[in-house]
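# Geometric and topological summary
Next come the chains, spelled out residue by residue.
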Amino acid sequence: MHTNRRNFLKLTAAAGGAAMTPFAWATRADAQGLETMVVASGQTINSLDLHRTGTNRASYQVAINCYDRLVGFGSRQLPTGEMSYDYDTIVPELAESWTISDDGLVFTFTLKPSATFTDGSPVTAADVKWSFDRAVSVGGFPSTQMRAGGFFRPDQFEAVDDRTFVLRLDYPSKLSLPNLAVPVPFIINSAVAIANATEADPWATEYLHTTTAGSGAYTVTRWDQGQQIVYDRNDAWVGGPLPEVRRVIMREVPNNSTRRALIERGDVQVSFDIPDRDASELVGTVDVFSTPIENCIHCACLNTRFEPFQDPEVRKAIAHAIPYEAIFQSAAYGRGAPMWGGSPDITDTAWPRPFPYATDMDKAREHLEKSAFASGFEVPMSISLDLASWMEPTALLIQESLGQLGITTTVERIPGANWRTVALVDKSLDFHLENFGGWLNTPDYYFFWAYQKDRLFNSSNYANEEVHALTEQTLHMSMDDPEWAPLVKRMFEIVIDELPRIPLYQPALNVAVNGASGYEFWFHRQLDPRRMTGA
Amino acid sequence: MAGRTRAIGMRLAQTVPVILGVIVISFVLTRALPGDPAVYFAGAMADEQSIQQVREALGLDKPLVTQFFLYVGDLAQGDLGRSISTGQPVLTDLAARLPASLELTLSALVLSCVIAIPLGVLAAVRQGSWVDHLCRVLVTAGVSLPTFFTGILLVYIFYYLLGWAPSPLGRLDFIYFEPPRVTGFYLIDSLIAGDLETFAATLRQLALPTITLALFTLAPIARMTRAAMLQALSADYIRTARAAGLSRGKVLFGYGLRNALLPVVTTLGMVFSFVLGANVLVEKVFAWPGIGSYAVEALVASDYAAVQGFVLAMAFLFVTLNLIIDLSYALIDPRIGFDTK
């Protein structure tokens, strides 16, 4: 039964579309390499169109697999030996080449002449223009992400001729080019989309919700919502080297134990985004990749509107009282990267970076005694039920440790649907846990979202004029600019001292692989099968 | 006969206010849930501007009363609205997922009846014997073991260790294709298509989740059969029947079981409606694309139309089921007629 299925999978892939007919299982054949890859994932894909309102994170993979962007990211080896995408290397995808004007305001892209959509029509600059117009116009998340790169309005985009596309910025920014390589600005076959658009739906969101019209490495041949999505390779793809895997079957398996059984038995080649605990226990049985998620930190946040937290000595006392190692072991099973016990000297611009605090109850007591709250106080500590797997053990360990200082905490569990409103919008939680991560991998981008006054992820209500100004100054500045590093170091120095957010650890994205190789970590936290191969 | 038709008509008419009530209550309750769908669906990075755009797109900027009348107007045309998270009409979603749940639940109920009713009867007839003890053990185990635990245990033993069961990947392994849709029940559809291979494959996928659910539903049915049977067997008419020298089988099944069936059927109806909504845990373990997990996901996302559609569908099922049970009462026990009402 077991070997038969393996053979079958290879066969279906080798036979391509013909094997999609029922009863093909009866025939056998031998083929080499990994033709069909089966992936188990706990997440559900709810749309084939990233731009649609309500599209969830898991669905971003469709934009990656079935569509191209103008540019993409290269890959690099991490110090741990694992492979990752490379934020610093921008490679061509649909664009053959590009030039940037001296003032950094005008980007001119030349498209690859051989690029075609899956219906055979050539990819033109008009398609790029239409797709970008759509991304900045539909609103919601895609428009927000476009704005991060400095793309606000359709008049910034121009199709000069079939192969030349021009992008005009209001201000030069180092984030613009990388922001063209994130999943959002993907390029759609505008002729097909316009043919299926209606007056009420000018951007064809209804049509593209269930059908893809791209030029990407794969096409969706089957989508059973809530069950599976099947991708078949597009052999005419010019966005990069042709992938080895001909067919990718993504099965939705919500239960972690079931997914673990599947990967251990080898019935699936990849189990994507597995819990830390399974990752630590599967090491040695199958290949496990645990890559710390770039620019993402799990934090304990101290809200400045709560009186005791306005006292710097209290904040330092808490930073010294947190049992970091115990949290890292019991909440993350040692997966990820520690964010404590760093050097007090800031010599580099690495981010996330360990803060120079470590568990030391004597120091914690010293700091608390110097404060106006030496006898302790009471504070509720809030966690999100959606993120209970790491927040719950973390909160209980912090609760126990702070109890020794006389700080009494009660753990409040907030339903996931409510969390964003109270934690991020109202910013009304005094003491809480938070886990912001930024797609664009620069420290200033993290500061923009998490440390600038009134920004969404600044759930601590932190307001420091100097940090605000420094973030404004560095956000669009090139990292090669000699001014950049000193300014960023100054930002680090301030927030390390003022501690509106106490970093606990950098979480990991865990992926188990059995019978395949070539896995790469991507900032968007989805599987990119384009570079995967057989074992 | 005309009396019965009228009685059924009356019963149907009585369900109208129930359904109306369910519509109002489900509408109000979903709105009373914490969480704002506009915020949820605008995504984590959204700002005020994009949230407002989403709110308008979802029609949530209109006053509640307007929203209600729009919803009722759509309902009158058979439109349950559109789920925001799946992007499909709720009716399509329900049509795709309800048969999956029904197939699983019905198979489990058939299996548990096949085991529980004879077991209950035997336990009542041979009180204190090993059958009675076996019945007690099974019932206790069925009630005390949570379904997700039984499910994972079965997967561990029969899939992971022994390799007898196919991968717990939903209704059909991915090497098969679903049979042409007629009823939505794969077992029936594959038979209609004359495709015995797919039928066998469906059966294999069904086995473990069915056993899991059957273990759980077996308990109340077996208990109820045993108790009702004991009561029936101690009744005067059984003594009379025995004294009259009727055969043992005739006494047991003709008089004993038939009289004991009434409470069993009632329990069956309750267990069915309870399990249909509550088997979400089994669905999760076996990656079953059923209605339970759909409802839970919709609830988490404050997906109003989907939640309301689910509640309404369940209400309809419940009402239909009760009607069938009431009708079957009259079949089992002719003394219960509709004329009395």
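Residues numbered from 1 in each chain as written. Chains lettered and ligands numbered in written order. Predicted model: local features only at pLDDT ≥ 70, side-chain atom pairs only at ≥ 80, totals over all residues. Heavy atoms only, no water.

### Some words on the packing of helix H5 (residues 90-125) of chain B against helix H6 (residues 130-144) of chain B
All names here are of chain B. This is how the line gets drawn: Axis angles are defined between N-to-C directions and span 0 to 180 degrees, where every axis is a line fitted to C-alpha atoms and, for a helix, only to the segment in contact. Strands are runs of DSSP state E lasting at least two residues, helices are runs of H or I lasting at least four, and both sets are numbered from the N terminus onward. Note on terminology: angles under 35 degrees are roughly parallel, angles over 145 are roughly antiparallel, angles of 65 to 115 are roughly perpendicular, and the others are oblique. Definitions for this section: a left-handed crossing has its near helix turned counterclockwise from the far helix by less than a right angle. A right-handed crossing has that turn clockwise. We call two residues in contact when some of their heavy atoms are within 4.5 Å. Residue classes follow a fixed rule: Ala, Val, Leu, Ile, Met, Phe, Trp, Tyr, Cys and Pro count as nonpolar, while Asp, Glu, Lys and Arg count as charged, and any other residue, Gly among them, counts as polar.
Orientation of H5 relative to H6, taken along the N-to-C sense of each, is 135°, at an axis distance of 8 Å. The angle between H5 and H6 places the two elements in the oblique class. When you trace H5 past H6, the crossing you get is left-handed. Listed contacts from H6 to Leu119, Leu122 and Ala123 of H5 are Val131, Asp132, Leu134, Cys135 and Leu138. By residue class, the composition of the contact of H5 with H6 is seven nonpolar, no polar and one charged.

### Some points on the interface of chain A and chain B
Where interface size is quoted, it is often the accessible area lost as the parts come together. The following threshold applies: Using a 1.4 Å probe, buried area is obtained as the accessible area two parts lose upon being combined, added over both of them. One side-chain nitrogen of Lys or Arg within 4 Å of one carboxyl oxygen of Asp or Glu is enough to make a salt bridge. We call two N or O atoms a polar contact when they sit within 3.5 Å, provided that within protein one can donate a hydrogen and the other can accept it, with sequence-adjacent residues counted only if both atoms are side-chain atoms.
On the side of chain B, 51 residues touch chain A, which itself brings 51 residues to the contact. Summed over both partners, the interface of chain A with chain B comes to about 4,300 Å²; 58% of that surface belongs to carbon and sulfur atoms. Counting across the interface, chain A meets chain B through two salt bridges. Two residues, arginine 222 of chain A and glutamate 178 of chain B, come together in a salt bridge whose shortest N-O distance is 3.4 Å. Where chain A meets chain B, there are 14 residue pairs in polar contact (both at pLDDT 80 or more). Among the elements of the structure, helix H1 (2-15), helix H4 (140-148), helix H7 (205-210), strand E8 (218-224), strand E10 (247-252), helix H8 (256-265), helix H14 (416-425) and helix H15 (443-450) of chain A are those that each provide at least two residues to the side of chain A that touches chain B. When residues of the side of chain A that touches chain B are assigned to their parent elements, the largest contribution, six residues, is made by H8 of chain A. A per-class count over the side of chain A that touches chain B returns 21 nonpolar, 18 polar and twelve charged.

### Looking at the confidence of the model for chain A
To be explicit about the condition: The quantity called pLDDT is the predictor's confidence in a given residue, expressed from 0 to 100.
On average, chain A scores 89 in pLDDT, and the residues at 70 or more come to 94%. Scored below 50 in pLDDT, residues 1-32 of chain A shows 44 contacts in the model against residues more than four places distant or in partner chains.

### Some points on the sheet that holds strand E6 (residues 157-161) of chain A
Sheet strands pair by backbone hydrogen bonding; their relative direction is either parallel or antiparallel. All names here are of chain A. Heads up, the condition is: In this description, strands pair whenever DSSP reports at least two bridges between them.
The four strands lie next to each other as E4-E5-E7-E6, forming an open sheet whose pairing is antiparallel. Looking at the sheet topology across the chains shown, the edges are occupied by strand E4 (95-100) and E6. Each strand of the sheet is rotated relative to its neighbour by a mean of 20°, with strand direction disregarded. The sheet strands contacting helix H3 (residues 125-137) are strand E5 (106-111), E6 and strand E7 (164-168), and the helix crosses E6 at an angle near 175°.

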